Amino acid sequence: MARLLLIVAAGSGTRLGRATPKALVPLANRPLLAWTLDAVSPVGAERLVVAAPPDRLEEVRAIVGARGRVVAGGETRSASVRAGVQALAPAEDDVVGIHDAARPLVSAAEFEIVLAAAERVGAAIAATPVVDTIKRVAEGRILSTVDRGDLLCAATPQAFRGGVLRRALAAGDATDEAALCEALGIPVETVPVSRLSFKITAPEDLELAEAILAGRGREEERSMTRVGIGFDAHPFASGRPLRLGGVVIPHDAGLQGHSDGDALLHALTDAILGAAALGTIGDQFPPSDPKWKDADSAVFVRRARELAAERGLAVGNVDAVVIAESPRIAPHAAAIRERVAALLGVEDGAVSVRGTSTNGLGFTGRKDGIAAVVVLLLVPAGSGAR
């Protein structure tokens, strides 16, 4: 028993107020059909066919690519389905899932449930509950209120065993294949699905779908947001310039280290690497390697950024604290903030640099050295600094 998919995409865009066939109408800067194909791709069918407008086959083939075959649809839905089924050539017990290209928000999980129901009973359709009160009217006036308790809205996917589908299509035309089965007395199981699988028919449907996709995009961005924490500490060493955040600060001693000893840039590098799950600064730039001897720590920050970018991540914002009894950081905070922002490719407003002391406690309190703590946010590349 094979699973086969047919996407019906030959409809016009008349009710959308477009001259373009509905499947090719832009939705969030992509053809509507492209979103539908993405939605059904996890289903894992053995063969996929798209029934397309006869005069737009090449455009549709460019969208479908290697995912399946494109055939010319007909003037009616049933004619398009017949053309698609002929191309799929299902065996008697194969299951054919039929879906409207105009329903791009379908859930692959719900699609799977409909296919499983058809495998079990022979015919099944997705359906959504009727949530509004239904009125029967004549000449604009209400005649009665319809009990909605046993009403459902037919949707897609609809799925059928190959033999059942061929019998139904031979019976005539209908707005959906389930209706043809009903006429033949073939039982059809209904599978409740989310109302998000609505059909894009009117301009407001297109607006709603775009709003939903935009919300999903924001949710995906939130799921990709990563927090990194970096810490570094160095003792003072005479005879070296004091570098913090890539800025030389007047002081009677610099910081000891294999590189230039910039504790703040080292903590920043570790925060980026940690947020991107790329190890530590020691892993990427081992102090045993002579090429990092006296190196400008800006090199470490730039490389960490590049590694994060390879994972589709960029710096969103940074909060850095320098712990030192001496020198005072406040007079240099603006210059450090500007330098760090330049190294990270973000606006100055996305970087905070502050100084604090330990009130005489610990090695920084004894003025033996300086420590730095950085908290950093990585966000999807292109989403901008938060």
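Treat the numbers as computed from the prediction; the structure is a model and nothing was measured.

Peer 1: Would you mind going over the overall build of the protein in detail, with residue names and values included?
Peer 2: Helix and strand counts for the protein come out as 12 helices and 18 strands. Every one of the 386 residues in the protein was classed for burial, and the buried ones make up 47%. Of all intrachain contacts in the protein linking residues separated by at least 6 positions in sequence, the fraction that spans at least 24 positions is 70%. On the protein, roughly 18,300 Å² of surface is accessible, and the fraction owed to carbon and sulfur atoms is 51%. Computing the positive centroid from 42 side-chain charges and the negative centroid from 46, the protein places the two 1 Å apart.

Peer 1: I'd like to hear about the packing of aromatic side chains, residue by residue, with values.
Peer 2: Tallied over the full model, the rule gives 3 aromatic pairs. A ring pair is formed by Trp-292 and Phe-300, whose centres lie 5.4 Å apart and whose planes are at 75°; its orientation type is edge-to-face. We note that Trp-292, like Phe-300, is buried. Aromatic rings pair up to connect Phe-285, Trp-292 and Phe-300 into one cluster. Taking the ring centre of Trp-35 as reference, the NZ or CZ of Arg-30 above it sits at 4.6 Å.

Peer 1: Tell me about the layout of surface pockets, and name the residues and values.
Peer 2: Each pocket or cavity is described by its volume, and for the largest pocket that value is around 640 Å³. Lining the largest pocket are 29 residues, with Gly-11, Arg-15, Lys-22, Arg-77 and Lys-199 sitting closest to its centre. At the level of secondary structure, the elements contributing two or more residues to the lining of the largest pocket comprise helix H3 (77-88) and strand S10 (152-161). Broken down by element, the lining of the largest pocket gets its largest block of residues, 4 residues, from S10.

Peer 1: Break down the sheet that holds strand S11 (residues 189-192) for me, with residues and values.
Peer 2: Taken in spatial order, the 7 strands of this open sheet run S5-S4-S1-S6-S10-S7-S11, and their pairing is mixed. Looking at the sheet topology across the chains shown, the edges are occupied by strand S5 (69-72) and S11. Direction aside, neighbouring strands of the sheet carry axes that sit 25° apart on average. Two elements, strand S1 (residues 3-8) and strand S6 (residues 95-100), share 6 bridges in a ladder whose sense is parallel. Looking at the pairing, Ile-7 lines up with His-99 of S6. Packed on one face of the sheet, helix H4 (residues 108-121) meets S1, S6, strand S7 (123-129), S10 and S11 and runs near 55° to S10. Sitting on the sheet, helix H5 (residues 162-170) touches S6, S7 and S10, and the angle it makes with S10 is about 120°.

Peer 1: Let's hear about the packing of helix H1 (residues 32-40) against helix H2 (residues 57-64): which residues, and what values?
Peer 2: In the contact formed by H1 and H2, the axes pass within 10 Å of each other and the chain directions differ by 35°. The chirality of how H1 crosses H2 is right-handed. Judged by residue contacts, Leu-33, Ala-34 and Leu-37 of H1 engage Val-60, Ile-63 and Val-64 from H2. Residues of the contact of H1 with H2, tallied by class, amount to 6 nonpolar, no polar and no charged.

Peer 1: Let's hear about unusual backbone geometry: which residues, and what values?
Peer 2: The omega torsion across Thr-156 and Pro-157 is 15°, close enough to zero to call that bond cis. Looking along the chain, the bond that leaves Ser-326 and enters Pro-327 is cis, with omega of 5°. The topology assignment puts Pro-327 in the loop between strand S16 (313-323) and helix H11 (333-344). Even without being glycine, Ala-277 reaches a positive phi, approximately 55°. Note that Ala-277 resides in the loop between helix H8 (263-275) and helix H9 (281-284). A relative accessible area of 53% places Ala-277 in the exposed class. For Asp-294, which is not glycine, the phi torsion reads 60° and is therefore positive. As for its position among the elements, Asp-294 is in the loop between H9 and helix H10 (298-309). Residue class for Asp-294 comes out partly exposed when judged on its relative accessible area of 47%.

Peer 1: Tell me about the nonpolar core, and please be specific about residues and values.
Peer 2: By size, the foremost hydrophobic cluster in this structure holds 44 residues, and its most contacted members are Leu-244, Leu-268, Ile-272, Leu-344, Val-374 and Leu-376. Elements represented by at least two residues in this core include exactly strand S13 (242-244), strand S14 (247-249), H8, H10, S16, H11, strand S17 (351-356) and strand S18 (369-380). The element best represented in this core is H8, accounting for 9 residues. By size, the runner-up hydrophobic cluster in this structure holds 34 residues, among which are Leu-5, Val-60, Phe-111 and Ala-124.

Rules used throughout
Sequence order as written defines residue numbering, which begins from 1 separately in each chain. Whole-chain, interface and lining totals are the exception, using all residues; otherwise, since this is a predicted model, local features are given only for residues with pLDDT of at least 70 and side-chain atom pairs are given and counted only at 80 or more. Water and hydrogen atoms were dropped before computing side-chain values, which therefore reflect all heavy atoms in the structure. Each helix corresponds to a stretch of at least 4 residues labelled H or I by DSSP, and each strand to a stretch of at least 2 residues labelled E; elements are numbered beginning at the N terminus. The classification of residues rests on relative accessible area computed with a 1.4 Å probe and restricted to protein chains. Under 20% of the type maximum is buried, over 50% is exposed, and intermediate values are partly exposed. A contact between two residues is defined here by any heavy atoms of the two lying within 4.5 Å. Where accessible areas are quoted, they stem from the Shrake-Rupley method and a 1.4 Å probe; at the residue level, only the protein chains shown are allowed to cover. Charge counting treats Lys and Arg as positive and Asp and Glu as negative, with His and both chain ends excluded. Charge positions come from single atoms, namely NZ of Lys, CZ of Arg, CG of Asp or CD of Glu. What counts as a ring pair is set by centres within 6.5 Å for rings of Phe, Tyr and Trp (its six-membered ring), and what kind of pair is set by the plane angle: stacked under 30 degrees, edge-to-face over 60, tilted for all other angles. When the NZ atom of lysine or the CZ atom of arginine is within 6 Å of a ring's centre and also within 35 degrees of its normal, the charge is said to sit over that ring. A cavity here means a set of points on a 1 Å grid, drawn over the protein atoms and nothing else, where a 1.4 Å probe fits but cannot get out; a pocket is an open set with protein on both sides within 12 Å along at least five of seven lines, and a residue lines either one if it has an atom within 4 Å of a point. Grid points are joined across faces, edges and corners, and a volume is the space filled by probe spheres set on the points. Any two strands with at least two DSSP bridges between them are considered paired. Interaxial angle, 0 to 180 degrees, is taken between N-to-C directions of lines fitted to C-alpha atoms, where a helix line uses only the stretch in contact. Whether a crossing is left-handed or right-handed is set by the direction in which the near helix is turned from the far one by less than a right angle, anticlockwise for left-handed and clockwise for right-handed. Under the grouping applied here, Gly and all other residues not named as nonpolar or charged are polar, the nonpolar ones being Ala, Val, Leu, Ile, Met, Phe, Trp, Tyr, Cys and Pro and the charged ones Asp, Glu, Lys and Arg. To define a nonpolar core, start from buried Ala, Val, Leu, Ile, Met, Phe, Trp, Tyr and Cys residues and group those joined through side-chain atoms within 4.5 Å.

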